[in-house]
Amino acid sequence: MPRHTAELLIQLQHADGVLVSVDSVQGSGPREVGAWMAVFPQTLVNTIGGGHLEFQAITEARAFMARPVSENSASSATHEDNALTTRYALGPALGQCCGGVVHLKFERISAADATALKQRLLANGQPVALFGGGHVGRALVNVLSTLPYNVQWVDSRDEIFPTQLPPNVVCEHSDPVHAAVADLPSGVSVLIMSFSHAEDLDVVAACLKRQRLHGDLKFVGLIGSKTKWATFQHRLEAKGFTAEELAFITCPIGVSGITGKEPEVIAVSVAAQLLQFQLPT
């Protein structure tokens, strides 16, 4: 999870550690391939699923950490000095009943690896473009910062963004705001919640034009009521968009049945909808 990436980078400034990652899974396992945990002399960051598997992995990581590295230079150190992979059967012997087999990779990490680790751990995040830096936008960034997404946060007001950001969030000032739609990555999910209905409409129209030309947006969600969307539909139809094209837009956004209007409640509801729509791999 991205917030754990930030914790990992902070810990690396103080001590070397061992990165434990799920290298492969056969059958049922507590976490997916790529899940990771960082083990340091005095603390842990993140989880590979808990239980006896994690407890044994921590023991193995600390033993690996204590093992002396080859006296040769770092450039000639053997693979076994820096990394190893261990097989764990999730059966009675391990005190778990998943029934699968998990291979865990153990890698020595230090401050020198910080940049490469950040790029590696964020590489699999799915892209989300969030238009709007208001109360709901800020609450949603807080939620998405804990999930496997890479967020491009766009607003026409440059001063709106906070100075401290999670590692998986980048800010973009775009005026006009809808101009940013053309440069979004393929496969992105777009969430629209600007301070202005006029800006919202412009971003929706830009998304529909892009979808017409390229068909590469995964999801487009617009904050608002059914009444707002009915008004937008009439205006977008006047711009030449068909009913089939308009059906691609989700409005209102969020999981049905959650009626709270607090920014934090809306943020959790929208994040849950993203997870339903596109389960991260």
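The sections below set out a description of the structure shown in this document. Sequence positions are assigned chain by chain, starting from 1 and proceeding in written order. For a predicted model such as this one, the threshold for reporting local features is a pLDDT of at least 70, and the threshold for listing and counting side-chain atom pairs is 80 or more; totals across whole chains, interfaces and linings nevertheless cover every residue. Only heavy atoms go into the side-chain values, all of them from the structure, while hydrogens and water stay out.

1. A look at the sheet that holds strand β9 (residues 189-192)
One bridge is not enough; two strands pair if DSSP finds at least two bridges between them. Here a strand is any run of E in DSSP of at least two residues, a helix any run of H or I of at least four, and the numbering for each starts at the N terminus. Read across the sheet, 6 strands follow the order β8-β7-β6-β9-β10-β11 without closing on themselves; strand pairing throughout is parallel. A single partner strand is all that each edge strand has here, and the edge strands are β8 (169-173) and β11 (249-250). Here a residue-residue contact requires only that any non-hydrogen atoms of the pair lie within 4.5 Å. Note on method: axes are straight lines fitted to C-alpha atoms, helices fitted across the in-contact stretch only, with angles between N-to-C directions ranging 0 to 180 degrees. Its contacts with the sheet put helix α5 (residues 135-144) on β6 (126-131), β7 (149-155), β8 and β9, and the angle it makes with β7 is roughly 165°.

2. Quick notes on the nonpolar core
Note on terminology: a nonpolar core comprises buried Ala, Val, Leu, Ile, Met, Phe, Trp, Tyr and Cys residues joined through side-chain atoms within 4.5 Å. The rule is simple: take the accessible area with a 1.4 Å probe, protein chains only, and divide by the maximum for that residue type; under 20% is buried, over 50% is exposed, in between is partly exposed. Phe 131, Val 190, Ile 192, Cys 207, Leu 222, Trp 229 and Leu 236 are the most contacted members of the largest nonpolar core, which totals 27 residues. The set of elements that each furnish at least two residues to this core consists of β6, β9, α6 (197-213), β10 (219-222) and α7 (226-238). The leading source of residues in this core is α6, at 7 residues. Sequence-distant contacts of Val 190, that is, excluding residues within four places in its chain, are made with Ala 129, Phe 131, Leu 184, Cys 207, Leu 217, Phe 219, Val 220 and Gly 221. Val 136, Leu 140, Val 141 and Ile 223 belong to the second largest nonpolar core, which has 24 residues in total.

3. Notes on the layout of surface pockets
One number sums up the size of the second largest pocket: a volume of about 300 Å³. What lines the second largest pocket is a set of 15 residues, and nearest its centre among them are Pro 252, Ile 253, Ile 258, Gly 260 and Lys 261. Counted by class, the lining of the second largest pocket contains 6 nonpolar, 8 polar and 1 charged residues. With a 1 Å grid spanning the protein atoms alone, the term cavity applies to any set of points in which a 1.4 Å probe fits but cannot get out, the term pocket to an open set with protein on both sides within 12 Å along at least five of seven lines, and the term lining residue to any residue with an atom within 4 Å of a point. Grid points are joined across faces, edges and corners, and a volume is the space filled by probe spheres set on the points. Nonpolar residues are Ala, Val, Leu, Ile, Met, Phe, Trp, Tyr, Cys and Pro. Charged residues are Asp, Glu, Lys and Arg, and all others, Gly as well, are polar.

4. Notes on the sheet that holds strand β5 (residues 101-109)
Across a sheet, paired strands are connected by hydrogen bonds in the backbone, their directions being either parallel or antiparallel. Taken in spatial order, the 5 strands make up an open sheet running β3-β2-β1-β5-β4, and their pairing is antiparallel. The open sheet has two edge strands with one neighbour each: β3 (44-46) and β4 (83-89). Taken over all neighbouring pairs, the strand axes of this sheet differ in orientation by 20° on average, direction set aside. Note: strand β1 (residues 17-26) against strand β2 (residues 36-39), 4 bridges, orientation antiparallel. Following the sheet pairing, Val 18 is matched in β2 by Val 39. The strands that helix α1 (residues 2-12) touches are β2, β3 and β5; relative to β3, the one it contacts most, it runs at about 155°. Helix-sheet contacts for helix α2 (residues 51-66) involve β1, β2, β3, β4 and β5, and the interaxial angle to β5 is about 35°.

5. Comments concerning the pattern of salt bridges
Salt bridges are defined as contacts in which a side-chain nitrogen from Lys or Arg sits within 4 Å of a carboxyl oxygen from Asp or Glu. Overall, the coordinates contain 6 salt bridges when judged by the stated rule. Residue Arg 120 is joined to Glu 107 by a salt bridge in which the shortest nitrogen-to-oxygen separation is 2.8 Å. Taken together, the residues Arg 120 in helix α4 (residues 114-122) and Glu 107 in strand β5 connect sequence positions 13 residues apart. Its salt-bridge partner being Arg 210, residue Asp 216 comes within 2.8 Å of it at the nearest N-O pair. Across the pair, Arg 210 and Asp 216 agree in class, each one buried.

6. Quick look at the packing of α6 against α7
Relative to each other, α6 and α7 sit at 55°, their axes nearing to 11 Å. In this view, α6 runs oblique relative to α7, as classed from their interaxial angle. Here α6 and α7 pass one another in a crossing that is right-handed. For the pair formed by α6 and α7, the contact residues are His 197, Asp 200, Leu 201, Val 204, Ala 205 and Leu 208 on the first element and Lys 228, Phe 232, Arg 235 and Leu 236 on the second. Classifying every residue of the contact of α6 with α7 gives 6 nonpolar, 1 polar and 3 charged. Any angle that falls under 35 degrees is termed roughly parallel, while one over 145 is termed roughly antiparallel, one within 65 to 115 roughly perpendicular, and all others oblique. By convention, the crossing between two helices is left-handed when the near helix turns anticlockwise from the far helix through less than a right angle, and right-handed when the turn is clockwise.

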